[in-house]
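# Results of the structural survey
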Amino acid sequence: MAEAAGTLSQFILKVHSRCNLACDYCYVYNGPDQSWQYRPAVMPRQTMEIFGRRLREYLVDRPDVRPHVVLHGGEPLLIGTDRLDFLATSLTEALAPLGRRARMTVQTNGLLLDSTVLSLLLRHEISVGLSMDGGSEAHGRHRRTRAGTSSFDGSTRAAELLRSTPFRSLYGGILAVIDVRNDPVEVYESLLELEPPTIDFLLPHATWDAPPKEGSTAYAEFLIPIFDRWFDEPRLKVEIRLFASLLELALGGVGYSELFGPARPPAIVVETDGTIERTDSFKIAYEGACSTGLDIFSNSFEQAAEHRFFASSDGGVPPCDTCLACPVYRLCGGGMAAHRYRSGSGFANPSVYCDGLAKLAEHVQGRAERALASLPLGRDAPGSHRGSRD
Ligand code: SF4
Ligand code: SF4
């Protein structure tokens, strides 16, 4: 179930603010917000302990909330095994008096994943989200080291370890950023070969100030063949979160993707210096776009939940009049809020991916309606069964 607006359940913990890769599309290092330069590279242990105490304090009166803590960066595994062990242990100990545990995930490029790190993750039940963009050519276009070499072999090794016994249970899924120069079905099949339980496709971050140079419908033309292949599988091989969420919206549900739907899952970021921010995608708009003025040393998560970024289902970014009047608004919701930004009018615009989002939403809606119409009464539409979700 999606959490109610104002209830925090996803906590993104920036444990390391540097990276061992230099992907050219990385908004953290190449975008207008360069705040990573002024923050500690590594989250201090004391900050980790305070995070655990703040989380416990927040959960006391919320027995129904199962917190999801996502370790993020930069590259979070740069903190090393000692500090990772310390963080997981201190968080577990902080919540133990409540008889609760946080679900934990690490989102990584995989280069530092080896059997030692995976054994530690297994001990603490920390699942792994792996960033990979497809096969060798697709992945190597952007995901490169500072020396310019592709990270494909290192990330593929990580996927192979995650598929193997005893680490398979840790395999959370793959996050892939789209490049429309790649063949969509080839990308999908390359990712399927890695046997992830879930795949999420991300649009490269863009705003009206820096629009996607291929135009926005190219992204729908990339995603539609993958959707069709996935939707037509006799048994779905993988959950594709973007499509599953869109289908849920098409079938009258609420959805749960950051990209689609009028209501977005509330997520809160804690940076390496303990400051509380909204999700990173806003960093593509302007320096300071994520700031709340709050930090975990002085403020509780209770106070943070009242901030306009977290208190309402639109994340404090209401849809513009064009979106509200749009025939696919119930599915699209105006797209990712950060993608609506334009200097001067701020976020009061349709998404810079508007045409592409409309085309994809209409396609998914049409296929869902045709599938429903062809079913005997009482059956679920193809694709309406999905596995676990964040
Ligand atoms: S691995 Fe992630 S954080 Fe590191 S440079 Fe690439 S996109 Fe940025
Ligand atoms: S398709 Fe465009 S106008 Fe319609 S809701 Fe989405 S972003 Fe807004």
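Residues numbered from 1 in each chain as written. Chains lettered and ligands numbered in written order. Predicted model: local features only at pLDDT ≥ 70, side-chain atom pairs only at ≥ 80, totals over all residues. Heavy atoms only, no water.

### Details of unusual backbone geometry
Glycine aside, residues mostly have negative phi, and peptide bonds are mostly found in the trans state. The condition is simple: In DSSP terms, a helix is any run of H or I states spanning at least four residues, a strand is any run of E spanning at least two, and both are numbered starting from the N terminus.
A cis amide bond, omega 15°, links Gly-73 with the succeeding residue Gly-74. Tracing the sequence through the fold places Gly-74 in the loop between strand S2 (68–72) and helix H3 (80–95). A cis amide bond, omega 10°, links Thr-165 with the succeeding residue Pro-166. Examined against the element boundaries, Pro-166 turns out to sit in the loop between helix H6 (152–163) and strand S5 (171–177). Positive phi values are uncommon outside glycine, yet Glu-195 reaches one of about 55°. Within the secondary structure, Glu-195 is located in the loop between helix H7 (184–193) and strand S6 (198–202).

### Notes on the packing of helix H9 (residues 241–250) against helix H14 (residues 354–374)
The condition that has to hold: To get an axis, fit a line to the C-alpha atoms, keeping to the stretch in contact for a helix; angles then go from 0 to 180 degrees between the N-to-C directions. The hand of a helix crossing depends on one turn: near helix anticlockwise from the far one by less than a right angle means left-handed, and clockwise means right-handed. Two residues form a contact once any of their heavy atoms are found within 4.5 Å. Residues were grouped as follows: Ala, Val, Leu, Ile, Met, Phe, Trp, Tyr, Cys and Pro as nonpolar; Asp, Glu, Lys and Arg as charged; and all remaining residues, including Gly, as polar.
H14 packs onto H9 with a crossing angle of 65° between their chain directions and a minimal axis gap of 9 Å. Of the two possible hands of crossing, H9 and H14 adopt the one that is right-handed. Residues Leu-246, Leu-247 and Ala-250 of H9 form the contact with H14, whose participating residues are Leu-360, Val-364, Gln-365 and Ala-368. Of the residues belonging to the contact of H9 with H14, the class tally is six nonpolar, one polar and no charged.

### As for the environment of Val-364
Just so we agree on the cut-off: Relative accessibility thresholds used throughout: buried, under 20% of the residue-type maximum; exposed, over 50%; partly exposed, between the two (1.4 Å probe, protein chains only).
Note on placement: Val-364 falls in helix H14. In this structure Val-364 comes out as buried when scored by relative accessible area, which is 0%. Sequence separation between Val-364 and Arg-18 is 346 residues; the distance between their C-alpha atoms is 38 Å. In this structure, Val-364 is in contact with Phe-227, Leu-246 and Leu-247, ignoring residues within four places of it in sequence.

### Some details on the layout of surface pockets
Under the convention used in this document: A 1.4 Å probe that fits but cannot get out identifies a cavity on a 1 Å grid over protein atoms alone, an open set with protein on both sides within 12 Å along at least five of seven lines counts as a pocket, and a residue lines either if it has an atom within 4 Å of a point. Grid points are joined across faces, edges and corners, and a volume is the space filled by probe spheres set on the points.
The calculated volume of the second largest pocket comes to roughly 510 Å³. Partitioned by chemical class, the residues of the lining of the second largest pocket number 13 nonpolar, five polar and five charged.

### Concerning the confidence of the model for the protein
Do not read the fine detail of predicted coordinates wherever pLDDT is low. Stated precisely, the cut-off is as follows: Every residue carries a pLDDT, the predictor's confidence in it, which falls somewhere between 0 and 100.
Taken residue by residue, the protein gives an average pLDDT of 93. The fraction at 70 or more is 95%. Contacts for the low-pLDDT stretch residues 381–390, under 50 throughout, to residues beyond four places or in other chains number 30 contacts.

### Topic: the sheet that holds S2
The strands making up a sheet associate through hydrogen bonds between their backbones, and the pairing can be parallel or antiparallel. Rule in force here: Any two strands with at least two DSSP bridges between them are considered paired.
If you trace the ten strands from one edge of the open sheet to the other, you get S7-S6-S5-S4-S3-S2-S1-S8-S9-S10, paired in mixed fashion. Among the strands making up the open sheet, the edge pair consists of strand S7 (239–240) and strand S10 (291–295). Here four bridges tie strand S4 (residues 126–131) to S5, and the two strands are oriented parallel to one another. Along S5, the bridge assignment pairs Val-128 with Tyr-171. Against the sheet, H6 engages S4 and S5, with an angle of about 145° to S4.

### Here's the deal with H6
Selection rule: A helix's residues, less one, multiplied by 1.5 Å, set its expected span.
Over its twelve residues, H6 runs 16 Å from end to end, which matches the ideal 16 Å to within 8%, given 1.5 Å per residue. Within H6, burial applies to Phe-152, Gly-154, Ser-155, Thr-156, Ala-158, Ala-159 and Leu-162. Those residues of H6 that are buried lie in contact with helix H4 (115–123), S4, helix H5 (136–140) and S5.

### Topic: H7
Keep this limit in mind: Read the arc as the range of directions from the helix axis to the C-beta atoms.
Here H7 has its buried residues at Pro-184, Val-185, Val-187, Tyr-188, Leu-191 and Leu-192. The buried residues of H7 occupy an angular sector of 160° when projected down its axis, which confines them to one face. H7 presents Glu-186 and Glu-193 as exposed residues on the side facing more than 90 degrees away from its buried surface. The inward-facing, buried residues of H7 abut H5, S5, S6, helix H8 (217–232) and S7.

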